[in-house]
Amino acid sequence: MTFDSLSITDLKVDAEHQPDRELLDVDALTAKARESNNPVAILRAAVQTASDILDNRYKQNLNITDIVKGRAWVIDEVLRIAWQSQPWPDSNDIALVAVGGYGRGELLPHSDIDLLILTRRDRNKQYQDCISGFLTSLWDIGLDIGQSVRSIKQCKQEAAKDITVVTALMESRTLIGPDELNAEMQKAISSRRVWPIKKFVEAKIEEQRARHKKYHDVDYALEPNVKTSPGGLRDIQTIAWVAKRHFDASSFKDLVKLGFISQSEETMINRGQQFLWKLRYGLHYLEGRCEDRLLFDKQRELAKLFGYDDDEKSLGVEKLMKQYYRAVSNLRELNDVLLQHLDEVILRAGEREKIKPLNKRFQIHNDYIEVIHNRVFERNPSALLEIFVLMAQNPMIKGIRAATIRAIRDHRRLIDDEFRNDIRNVTLFTELLRSPHQMTLQLRRMSRYGILGRYLPEFGQITGQMQHDLFHIYTVDAHTLQVVENMRRFLLPEAAENFPIAAQIVHHLPKIELLYIAGLYHDIAKGRGGDHSTLGMADAEAFCKRHRLSKWDTNLVTWLVENHLLMSMTAQRKDISDPDVIREFAQAVGDKLHLEYLFTMTVADICATNPELWNSWRAALLRQLYFSTRKALRTGLDNTVDREERIADKKESSLNLLKNSGLESAQIETIWANADDEYFVRESAENIAWHTEAIANFNGDGPLVSFRELGTNSPAVGATQVFIYTRNADFIFANSTAAFEQLNLNIHGARIFTSGNDYCMDTYIVLEDSGRPVGNQPGRLEEIRRKLTEYLKLGDQAVKLAHKRRSRKDKYFSKPIETSLHNPQNKNYSTLEVNCPDHPGILASVGKAFVNNDIHLKDARITTLGERVEDLFFITDKAGKPLTDQAAIDKLLADIKAELENRLGD
């Protein structure tokens with residue numbers, strides 16, 4: 001790299017950013033580079049020094065716009081110096097042009113520096129050596145450049161083929177060389193030549209839709225991309241691109257002058273952009289490379305960098321992300337408005353107007369609703385709710401006209417306490433909840449346009465509220481609206497396949513709007529500290545009173561809010577085959593109507609918490625609990641059956657199922673003689689018959705492994721049961737669970753018995769990784785049988801588990817291992833609870849601790865919640881009694897913790 005005194009044109013200076021001598025003394029750097037034998041090293045050092053200064057300004061929380069534009073200015077000057085170092089032929093036929101984001105004069109620490117070397121003609125052999133030398137010097141300096149060399153004609157050809165190319169070229173500015181070249185290129189790619197404005201807008205809207213679809217069209221992802229996620233920087237740029245193409249506007253300030261956006265909208269865009277820039281700059285700074293994803297560990301570091309502290313109500317990272325979600329929600333709202341406006345003035349230009357009046361306030365204008373005049377909301381504030389009711393009552397309405405969305409936003413300040421207590425508005429909101437069409441879509445629109453959070457201030461408090469874990473994948477407000485949407489989906493014909501009970505119940509609920517209200521309020525108090533169910537119950541009661549609900553209706557809604565976790569916790573954490581558990585739950589529910597409301601709400605809530613949480617086994621558990629409770633309510637809660645009667649009834653039912661098995665009574669009695677009473681109390685008649693027939697037909701060669709599908713004929717409800725019958729040994733449980741994990745089968749429950757002839761009679765409930773039962777797949781079933789047989793033959797030797805590294809997310813959310821043990825009243829076992837990070841080998845490690853402490857496992861409930869497992873084990877000592885010796889208990893808990901810590905170690 002050598003300097004030459006020749007200059008092909010005057011330097012171009014960025015008019016928006018004034019020279020900053022602290023960052024870069026251009027004259028001194030130019031002279032120093034010219035005099036040096038190693039100018040690349042001089043320029044590399046200058047870039048690094050400027051970067052350090054900008055990073056320090058960032059950490060001091062100085063103006064992010066100045067920092068972002070300052071970095072672009074530094075690179076501008078370094079590029080100009082590097083360009084001038086080449087011995088260019090004296091010509092006005094070549095220029096260096098910044099394009100894309102860099103062309104806007106914006107540059108984050110590790111963003112690509114997109115350059116176009118623009119020539120007048122296609123053939124430019126005389127420039128080849130200089131271009132090569134120039135680009136090599138940039139790579140040696142350490143700049144992340146993206147470059148192309150094109151003539152004006154070639155720019156036009158490429159732009160015509162690719163919307164992204166024309167978009168990047170639109171945002172260009174000349175760094176050095178004749179500016180007329182860039183002007184000619186802009187003329188060549190103008191909407192008159194390529195991509196007419198209507199086609200351009202259509203392409204950009206479709207591009208955005210495709211990008212949003214990639215993120216499932218949600219702006220509340222756990223680890224969003226600040227650049228490309230919905231509501232991110234790309235949404236801002238989409239508006240800017242279309243505006244530039246249509247209006248030739250170079251800034252949002254120009255759009256204000258043109259009347260396309262208001263002053264307040266420009267302020268919203270600038271604030272949102274600056275906040276996202278701060279996040280993106282921080283990500284680049286922390287990672288030391290281009291990284292636009294807000295990964296969990298970086299969220300925590302940025303929260304600390306921004307000064308968000310933990311307190312008793314929420315974590316600092318949750319405060320940061322709440323600000324992020326609110327910012328992108330505002331930007332999406334504005335993006336919706338502006339794209340709707342562009343749709344009206346560009347895509348629908350020339351369309352014949354079809355206007356259908358609805359009432360004195362609203363009309364349908366080409367399938368979109370609008371106010372009849374611009375003072376509707378001012379004169380009649382109730383219209384702020386009425387518009388959404390009208391859309392719910394008229395499914396042909398596709399949306400709201402842009403001007404009306406703006407009017408809604410400008411007048412939402414009118415929603416105050418007087419508005420909330422006005423009988424007209426109370427009636428309108430109740431009417432919306434009873435509307436037959438797209439009710440949840442209207443609630444989402446109300447939320448996006450800031451109406452729902454003002455009409456229900458308690459809902460406004462949870463807007464953007466996140467819970468920092470892998471279990472809750474939505475913000476609280478998004479989860480809440482998804483719960484209500486799930487309730488509505490139960491009404492659709494297709495719900496009968498995946499949610500048969502809920503789909504049947506929901507059509508017979510006397511007042512389905514009560515279910516929706518409970519859904520709106522079940523998590524309303526999240527993030528306040530304390531029990532959100534109890535706090536939410538008070539808010540729900542206030543809502544019911546304000547909306548003139550009867551005392552009975554109010555009591556039902558508040559009961560649902562207070563007890564919305566009761567059914568899922570009972571199904572997943574208690575033995576629902578135990579009549580005492582069913583009786584206790586039935587007493588809490590009280591009657592069939594409360595049971596049906598609670599069941600429907602529970603299913604909707606689980607499915608809206610995390611799609612991976614709902615599986616066929618949870619469906620089967622809730623189904624069993626629902627029908628058992630309904631039977632208990634029908635027969636009467638005082639109609640108790642003693643233990644001997646239950647055993648006799650179970651045996652009689654099992655014998656009826658075995659009638660066609662071909663087994664002799666003597667064979668059955670011999671097998672049953674080896675099973676203790678506890679087996680007949682805890683196992684179902686269907687499983688007893690299945691086990692009996694399998695054992696009777698067993699030839700005694702190796703372990704018996706048998707399969708049975710549990711549940712209905714639908715794969716959406718049920719699980720696969722695996723019965724193991726083999727001579728008892730210490731590591732049966734540990735090795736069995738290790739085999740299941742090797743087979744990628746998820747264990748959800750286990751019943752463990754030992755027969756009188758010292759054989760284990762263990763039944764595991766498993767699902768595939770997909771959340772579905774194994775089903776009728778002979779090849780897969782044989783694979784499971786072989787692997788279990790292999791591991792079970794080890795007997796008193798524990799399988800050596802392969803070590804698997806924990807994922808980035810698992811490490812980040814790793815929490816302390818928690819173990820506890822208590823003895824339930826009137827039960828002949830102890831309950832051990834183990835909460836720890838999810839990882840292969842957990843159950844096998846617990847099983848090893850059981851062997852070392854002479855613990856007998858009777859039953860297990862295995863629950864995975866995001867990144868953690870919450871497992872329950874029902875255990876006894878070697879004598880079959882609950883654990884009472886505190887020293888033995890302490891040793892067991894310590895051994896389990898040590899085994900798990902060893903397993904979870906990185």
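Now for a quick tour of the structure.

**With respect to helix H19 (residues 423–433)**
At 3.6 residues per turn, the α-helix brings residues three or four places apart onto the same side.
Reasoning step 1: The set of residues buried in H19 consists of Asn425, Val426, Leu428, Phe429, Thr430, Leu432 and Leu433.
Reasoning step 2: On the buried face of H19, the contacting elements are helix H16 (383–393), helix H18 (417–421), helix H20 (439–448), helix H21 (452–455), helix H26 (512–521) and helix H27 (532–546).

**Focus on the pairing of strand S17 (residues 868–876)**
Reasoning step 1: The element S17 is largely enclosed, with a buried count of eight among its nine residues.
Reasoning step 2: When strand S15 (residues 856–861) meets S17, the two strands line up antiparallel, connected through five bridges. By the bridge assignment, Ala860 is partnered in S17 with Phe873.

**What to know about the side chain of Lys858**
Reasoning step 1: By the element assignment, Lys858 lies in strand S15.
Reasoning step 2: Apart from the residues lying within four places of it in its own chain, the contact partners of Lys858 are Glu678, Arg682, Ala750, Arg751, Ile752, Asn828, Tyr829, Phe874 and Thr876.

**A look at the packing of helix H10 (residues 233–247) against helix H14 (residues 316–347)**
Reasoning step 1: Between H10 and H14, whose axes approach to 10 Å, the crossing angle comes to 25 degrees. When the axis of H10 is compared with that of H14, the two are roughly parallel. Both H10 and H14 take part in a crossing whose hand is left-handed. On the side of H10, the interface is formed by Asp235, Ile236, Ile239, Val242 and His246, while H14 contributes Leu331, Arg332, Asn335, Leu338, Leu339, Leu342 and Ile346.
Reasoning step 2: For the contact of H10 with H14, a count of residues per class yields eight nonpolar, two polar and two charged.

**Re the packing of aromatic side chains**
Reasoning step 1: In the structure shown here, the tally under the stated rule is 29 aromatic pairs.
Reasoning step 2: The ring of Trp195 has Lys199 lying over it, and the distance from NZ or CZ to the ring centre is 4.9 Å.
Reasoning step 3: Here the guanidinium or amino end of Lys651 rests over the ring plane of Phe680, the centre of that ring lying 4.7 Å away.

**Looking at a positive patch on the surface**
Reasoning step 1: Judged by side-chain charge, Lys156, Lys187, Arg192 and Arg193 come together as a positively charged surface patch.
Reasoning step 2: Looking at where Lys156 falls in the secondary structure, it is placed in helix H6 (residues 152–161).
Reasoning step 3: Using a relative accessible area of 32% as the deciding quantity, one classes Lys156 as partly exposed.

**Description of H26**
Reasoning step 1: Burial analysis of H26 places 10 of its 10 residues in the buried class, which makes it a mostly covered element.
Reasoning step 2: Within the sequence span of H26, burial applies to Ile512, Glu513, Leu514, Leu515, Tyr516, Ile517, Ala518, Gly519, Leu520 and Tyr521.

The rules behind these values
- Residues numbered from 1 in each chain as written.
- Predicted model: local features only at pLDDT ≥ 70, side-chain atom pairs only at ≥ 80, totals over all residues.
- Heavy atoms only, no water.
- Buried < 20%, exposed > 50% of the residue type's maximum accessible area, 1.4 Å probe, protein only.
- Helix = DSSP H or I, 4+ residues; strand = E, 2+ residues; numbered from the N terminus.
- Contact = heavy atoms within 4.5 Å.
- Pairing = 2+ DSSP bridges.
- Axes fitted to C-alpha atoms, helices over the stretch in contact; angles between N-to-C directions.
- Parallel < 35°, antiparallel > 145°, perpendicular 65-115°, else oblique.
- Left-handed = near helix turned anticlockwise from the far one by under 90°.
- Nonpolar A, V, L, I, M, F, W, Y, C, P; charged D, E, K, R; others polar.
- Phe/Tyr/Trp six-rings, centres within 6.5 Å; stacked < 30°, edge-to-face > 60°.
- Lys NZ or Arg CZ within 6 Å of the ring centre and 35° of its normal.
- Patch = residues over 30% accessible without salt bridge, like charges linked within 9 Å, V, L, I, M, F, W, Y side chains within 5 Å.
- Areas by Shrake-Rupley, 256 points an atom, 1.4 Å probe, with all protein chains shown as cover.
- Salt bridge = Lys/Arg side-chain N within 4 Å of Asp/Glu carboxyl O.
- Lys, Arg positive; Asp, Glu negative; His and termini not counted.
- Charge placed at Lys NZ, Arg CZ, Asp CG, Glu CD.

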